[in-house]
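# Remarks on the overall topology
If you want the building blocks of each chain, they are given just below.
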Amino acid sequence: MITLGHYLVVSGMLFALGLAGVIARRNIIIVYMCLEMMLSAANLALVGFSRFHLVHGLPDYTAQSLVFFTITVAAAEVAVGLAIIVALFRSKQSVDVESVTKLQG
Amino acid sequence: MSVLEIIIALPLLAALAIWLGAPAHATSLGATLLNLLIVLVTTVQYAGKAATGLAFTYSRPILDNPSLSFAVGADGVSLILALLTTLVMLAAIWQIQDRPAIFYVSSLLIGGGALGAFLTTDVFFIYAFHELALIPTFLMIALHGRAEPAQRKAVAWKATIYLGAGSLVLLAGLAWVVLEFSGGSKLTFDLEALRNQAKLTPLADAKQAQIFFVLLLGFGSLVSLFPFHSWAAPAYATAPTPVAMLHSGVLKKFGLYGLIRIALPLLPQGPHVEWVQNALLLMLLGNILVMGLVTIHAHRLDDTLANSSVMHMGYIFLGIAAGSDIALKGAVVLMFAHGISIALLFGLCGRMRNQLGTLEYNKLGGLATHAPAFTVLFAFGAFASIGLPGLTNFAGEVMIFVGSFTDFKAGVMSNLQWTVILALWGVVMSAVYMLRAYRNIFHGSPTTGLFMIDPAFSQRVPFIMLATTLLVTGCCPWLLLNLMKSAL
Amino acid sequence: MPASIILLLPFFSALVILLGHRQLKGAAVLISVGSSIIAFLASLVFLATDDDNKLLLPFIDVAHFHAGIDVLIDKQSRGMMFIVSFIGMLVHIFSLGYMKDDEAKPRFFGALSLFMFSMTGIVLAGNLIMMFIFWELVGLSSYLLIGHWYQKASAAEACKKAFLTNRIGDFGFMIGILLLLGANAGNVNLLDLKTAFESGPLRPEAPGYSAGFTTVAALCIFLGAVGKSAQFPLHVWLPDAMEGPTPVSALIHAATMVAAGVYMLVRVSFLVAASPLAAEIIAGIGCITALMAALMATQQNDIKRVLAYSTLSQLGYMVMAVGAVAMAAKHGHGPEAPDPGHPAMFHLYTHAFFKAMLFLGSGAVIYACHHEQDIWKMGGLRKHMPVTFYTFAIGTAALMGFPWLTSGFYSKEAVLDAAFNSGWRVLFIGGAVTAALTAFYMTRLLIVAFMGKPRTDSAHHAQEAPMVMILPLTILAIFSIFSAWDGFANSLQALKPSHINAPGEGHTVLIASLIALIAGAGGAIFLYRGKDKDPVSIKLFANKFYFDEIYAVIVRVCQDRVAWIVTALERVFVDGIIARLPSAIVARLGAATRMLQGGHLQGYTFLLGGGVIAVIYLVVFVLPRMGN
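This text gives an overview of the structure that appears in the document. (Residues numbered from 1 in each chain as written. Chains lettered and ligands numbered in written order. Predicted model: local features only at pLDDT ≥ 70, side-chain atom pairs only at ≥ 80, totals over all residues.)

### Thoughts on the overall build of chain C
Heads up, the rule is: By the criteria applied, helices consist of DSSP H or I runs no shorter than four residues and strands consist of E runs no shorter than two, each listed in order from the N terminus. In this description, a residue-residue contact is defined by the distance between C-beta atoms placed from the backbone, which must lie within 7 Å.
A count of helices and strands for chain C gives 26 helices and two strands. Along the three orthogonal principal directions, the C-alpha set of chain C runs to about 120 × 65 × 50 Å. For chain C, long-range pairs separated by at least 24 residues make up 83% of all intrachain contacts whose partners lie at least 6 apart in sequence.

Printed below as a string of structure tokens:
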């Protein structure tokens, strides 16, 4: 019997893998992919909650609609993010995160 | 409307006018001169009255709870200090030559702030006015100090941090005082109300000692009480001349004024509790003996003067530590005397630096030959700070010493009295460094040092004014004492 | 009324000269000399005034502390006032000639007036605070006058040294005043103090009396006199003070100011009398000074320095007499009836005349020899400057105590008498040896400078001094002879003791002093007659027992070196702990927190993740448990 717990564990592992990638990887594209993975983890969790939270015998569709919303926003974000990465590459000739330390002022 | 409000407002308005474009020299000089006259008339009026208690009081309520009002009022002590402020302000402004308007504005602000601190009777405004006066001091040291930009900024920062920290401690102490002595349900900042409450319900001695000590540290670091003094010497040596004159001569007296005006009346037993007294005596001995030796070691005139100014604070603290009526009045006289004499010396020192470009003793010598008037004026300041009778400092010092011996039992010396004897050795030390300085700068063959001639007569006037003040109040210290007829 | 004229006239003279010496020029001189003449006339009137103690001007008046300019008129002050204003006037007149060509004449006369004002203040002072005020002011005028030729490095150093050495004495004086003031409820009026010590709360029988306190107070006050009267160990400033113009040396550093210490001790003699130990120490210090200075004088070659050391030695005599009188009173050797006279004051009185005269005479010599001061470069001046020579010889005779004729003889006998009666034989022996040495070095001076043949051109071309300089010399010479006569001494209120060489004591004192005189003068004649250079050379005396060198080391080690160390410690510890340590801590903390903000995106993300985990942990595991 697959319970909510299984969904959440998978989602958590997915999230942790993504976070680890974001923190540890130096290639900004991989970082970006890991970021997407974290979003997927959130989506998975939402779907899982939707599946196990029955309202009048039906799954809770509010959560699923939120998933669709997230996917849409993520698609837009991919467009913007990749554009930023391309712009970054143009200015720095590199996709290494270490080359972008402007935040330290 | 009280005349004191005019006295406070005049320099601030003049500063505003100059900022708006009025001619700097004429405006500031006119305003200060007028202010000096008003203060003189007010002082004479006060002496003509009974010369006791607060006079010229007026209060403008600002907040109801906590009760806060812009209240002015003056007694002998505040009037003596107001007189000191206006005299030094006039001299400081008069001697400015070929400087941008900010010199005049800052002098007016420092002087106005000091006047406000001395003439208001509301703890909040006393504090606020002092802070107002400090800001231009820092700025002028940082912007127009007599050193490389990096160094003068460092000096300004040091003074800022020291005085800022001191002010914070002071604020804590004042808040404590206000909380303790407000009485009833409302907090009040009115000094008179606080004093009345302190008389009605005095605190236990131990608690008085704690509060007094906090106030002592706060006020003390504003007055360069040892060991919180190391900002003072570099700050005075670096500050532009009018700022050095005003800060060392006037603004520094604020801490002492606060102790006499706020701490002592509210916490009369504070300085007499043993641990506080011993701590105070140790610190003031640090001022006198340690700083005396440091001054002897100085190789530049500005260093000598700056350190000597720190040293002489020890005597005023001694008066406060003694706490008897004679000693406290002596402390006030010495505050006045020290303010005038150090302003005179710093003014002359600044002029020398302008003309000669250096104040190193080994590059100077024999100035007396070609600058006799300058020499005489300097001698007035130097001998005043040595404590020569006939100049005001002597009267103050002797009153402090005598005041410390009022409850003397033959054969039994208290700590205070031992301290006085050690402090007397400081008088010898101050003669050593002042006469060395005088010897190195003015005596000797004129060929041994750089060349300098007397300033024009109009430029001598401010210094002559200060020297005359020293002579007149030195020969007749009762002129000042008549303003303080009631016990402090 | 005469008191206030004598006091304030020179003050205004000094003030006027200070304010307008550029405009006044020659008039400044006239103002100063005129004021000194008027003050002298007033002091003659003053001799006839009654005893009084009145307030002249207020000064400080707070609570129970009253210190005014109040005048104590009694025999002591009237007599002293005459000495001061008389010699002051003569020196003013002499200076007209001596300082004729000096550029800074107005400054000189201004300072001279300031001195007259301050010295008058000391003489008239009715309380110790006022005494201290003018005590310091004579120090100032002495500083100004020694440093008159401040362009010379030696003069500049000398005036500084004089002021600082006196400051050390004043340190003690002030402590003494404070002690007395504390013990006598804020009252340091001389008369009241006297009452307090004789019959008031400070008398030995009073409850709470402390003998130690009286001794300490007396010694502290005495320290003031040690400074001003240049007693051992603070004597080093007086010889150097000869850098000043010679009239100044005559007035200030021989006749009046340096005698102020003795005068003050006599003024507070009730205090000295109250403490036997203090009296012994005072007499001892006086004896040491007298002997030591006389030894140093024997080997000096500068005419003014010889006189300076002789002054030191004579001041030692006076101080010894002050102590000896008090000791004699304690031992019961004193006169039965209280003697109105005082040997110290009497010696001060005669000494003032002949020593001022000797200095002015040496001034005339120096003037004639174009500012040559080395006696070995003089010689034969007797023929060129007869008046100066004869007056100088009279002065020398008086200083040596030439028997029966000169005033110096009587006063010296009085001092030796007091020493003889003190109970300490060593005082008397020291005094007699000093007398012999005095005779020796003064004869030496006279022979080398005035007798024989001129040794240099300047001595050869020396001419008699002008009239303004001769006149004061002659007047003082007359006084040097006659001032001890009863007629003079009584009308000038000189405090002459009534029992000099009283027949009951035998003639020990007289015989001893005669032997001393003959031995000293004879020895000098034998050694120096016809010599062109010093046949005796004693390095120790010529170098003044190396006091200057020792003090230089003490100052360097105990003051400058300590100052250096303290400055370094102050920088390291005070500045270090109060300022640099906190600032270092703050800087370190800042650097640590800065590391967290390196600008690395991934670092931020890591922190963010850690933060999220921490929040989740708190919310899930910690908070629910705390809720219960």
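Read on for the rest.
### Side note on the overall build of chain B
Put simply, the rule reads: Any residue whose C-beta has 12 or fewer other C-beta atoms within 10 Å is treated as exposed, any with 20 or more as buried, and any in between as partly exposed, C-beta atoms being built from the backbone.
The secondary structure content of chain B amounts to 20 helices and two strands. Reported as C-alpha extents along the three principal axes, the dimensions of chain B are approximately 70 × 65 × 45 Å. Taking all 488 residues of chain B together, 63% fall into the buried category. If you take every contact in chain B between residues at least 6 apart in sequence, the share linking residues at least 24 apart comes to 80%.

### A short note on the environment of Phe70(B)
Residues and elements named next belong to chain B. You can see Phe70 is positioned in strand E2 (residues 68–74). C-beta crowding within 10 Å serves as the criterion here: with 17 such atoms nearby, Phe70 is assigned to the partly exposed category. The contact partners of Phe70, leaving out residues within four places of it in the chain, are Arg60, Ile62, Asp122 and Phe125.

### A word on the arrangement of the chains
No other pair of the two pairs of chains in contact has as many contacts as chains B and C. There is a gap between chain A and chain B: no contact, and a shortest C-alpha distance of 23 Å.

### Here's the deal with the interface of chain B and chain C
Note the following rule: Gly is placed with the polar residues, together with every amino acid not listed as nonpolar (Ala, Val, Leu, Ile, Met, Phe, Trp, Tyr, Cys and Pro) or charged (Asp, Glu, Lys and Arg).
Contacts between the two partners involve 46 residues from chain B and, on the opposite side, 45 residues from chain C. Of all the secondary structure elements, the ones that give two or more residues to the side of chain B that touches chain C are helix H12 (274–297), helix H14 (325–356), helix H15 (367–370), helix H17 (392–404), helix H18 (415–442) and helix H20 (478–481) of chain B. In terms of residue count, H18(B) provides more of the side of chain B that touches chain C than any other element does, 10 residues in total. Among the residues forming the side of chain B that touches chain C, the class breakdown is 32 nonpolar, 10 polar and four charged.

### Here's the deal with helix H1 (residues 4–24) of chain A
All names here are of chain A. Just so we agree on the cut-off: For a helix, the expected span equals 1.5 Å multiplied by the residue count minus one. Throughout, the arc means the angular range of directions from the helix axis out to the C-beta atoms.
Between the first and last C-alpha of H1 there are 30 Å, a value that for 21 residues agrees with the 30 Å anticipated at 1.5 Å per step. Where H1 is concerned, the buried positions are Ser11, Phe15, Gly18, Leu19 and Val22. The arc that holds every buried residue of H1, seen down its axis, measures 100°, which confines them to one face. Exposed and facing more than 90 degrees away from the buried side of H1 are Gly5, His6, Val9 and Met13.

### Quick word on the nonpolar core
Formally: Think of a nonpolar core as buried Ala, Val, Leu, Ile, Met, Phe, Trp, Tyr and Cys residues, each tied to the set through C-beta atoms within 7 Å. Throughout, the edges of the domains are those of an automatic or database domain assignment.
Among the nonpolar cores identified, the biggest contains 430 residues, and Val88(B), Ala331(B), Val262(C), Val272(C), Met320(C), Val322(C) and Ala356(C) are the most heavily contacted of them. Looking at which domains feed residues into this core, each of domain 1 (1–270) and domain 2 (273–488) of chain B gives three or more. Not counting chain neighbours up to four residues away, the residues in contact with Val88(B) comprise Met245(B), Leu246(B), Gly249(B), Val250(B), Gly339(B), Ile340(B) and Ala343(B). Membership of the second largest hydrophobic core comes to nine residues, among which are Phe15(A), Val22(A), Ile28(A) and Ala41(A).

### Concerning the pairing of strand E2 (residues 65–73) of chain C
All names here are of chain C. This is how the line gets drawn: Strand pairing is assigned whenever DSSP detects at least two bridges linking the two strands.
Pairing analysis gives eight bridges linking strand E1 (residues 52–62) to E2, with the strands arranged antiparallel. Counted as the bridge partner of Ile60 is Ala67 from E2. Two successive antiparallel strands, E1 and E2, enclose a turn made up of two residues, where Ala63 displays a positive phi of approximately 45°.

### Brief notes about helix H19 (residues 457–475) of chain B
All names here are of chain B. Heads up, the rule is: Fitting one axis to the seven residues ending at a residue and another to the seven starting there, the bend at that residue is the angle between the two axes.
Here H19 is 19 residues long and its end C-alpha atoms lie 25 Å apart, about the 27 Å a rise of 1.5 Å per residue gives. In the structure, H19 departs most strongly from a straight axis at Phe463, where the bend amounts to approximately 30°. Every buried residue of H19 is accounted for by Pro462, Phe463, Leu466, Ala467, Thr469, Leu470, Thr473 and Gly474. If you follow the buried residues of H19, they end up packed against helix H3 (76–94), H14, helix H16 (372–386), H17 and H20.

### Details of the pairing of E2(B)
All names here are of chain B. Extensive coverage of E2 is indicated by the burial of five of its seven residues. Summarising the sheet, strand E1 (residues 55–63) and E2 pair through six bridges and their orientation is antiparallel. Bridge pairing in E2 places Ala55 opposite Ala74. Linkage of E1 to E2, two consecutive antiparallel strands, is achieved through a turn of four residues.

### A closer look at the packing of helix H2 (residues 24–48) of chain B against helix H4 (residues 101–119) of chain B
Residues and elements named next belong to chain B. Rules: For helices, the fitted line uses only the C-alpha atoms of the stretch in contact; every axis is such a line through C-alpha atoms, and the angle between N-to-C directions lies from 0 to 180 degrees. Each angle receives one of four descriptions, namely roughly parallel if under 35 degrees, roughly antiparallel if over 145, roughly perpendicular if within 65 to 115, and oblique otherwise. Left-handed describes a crossing in which the near helix is turned anticlockwise from the far one by less than a right angle; the clockwise case is right-handed.
In contact at an axis separation of 9 Å, H2 and H4 are set at 20° when each is read in the N-to-C sense. Classified by the angle their axes make, H2 and H4 are roughly parallel. In this structure, H2 meets H4 at a crossing whose hand is left-handed. Mapping the contact onto sequence places Ala24, His25 and Ser28 in H2 and Ala101, Tyr104, Ser107 and Leu108 in H4.

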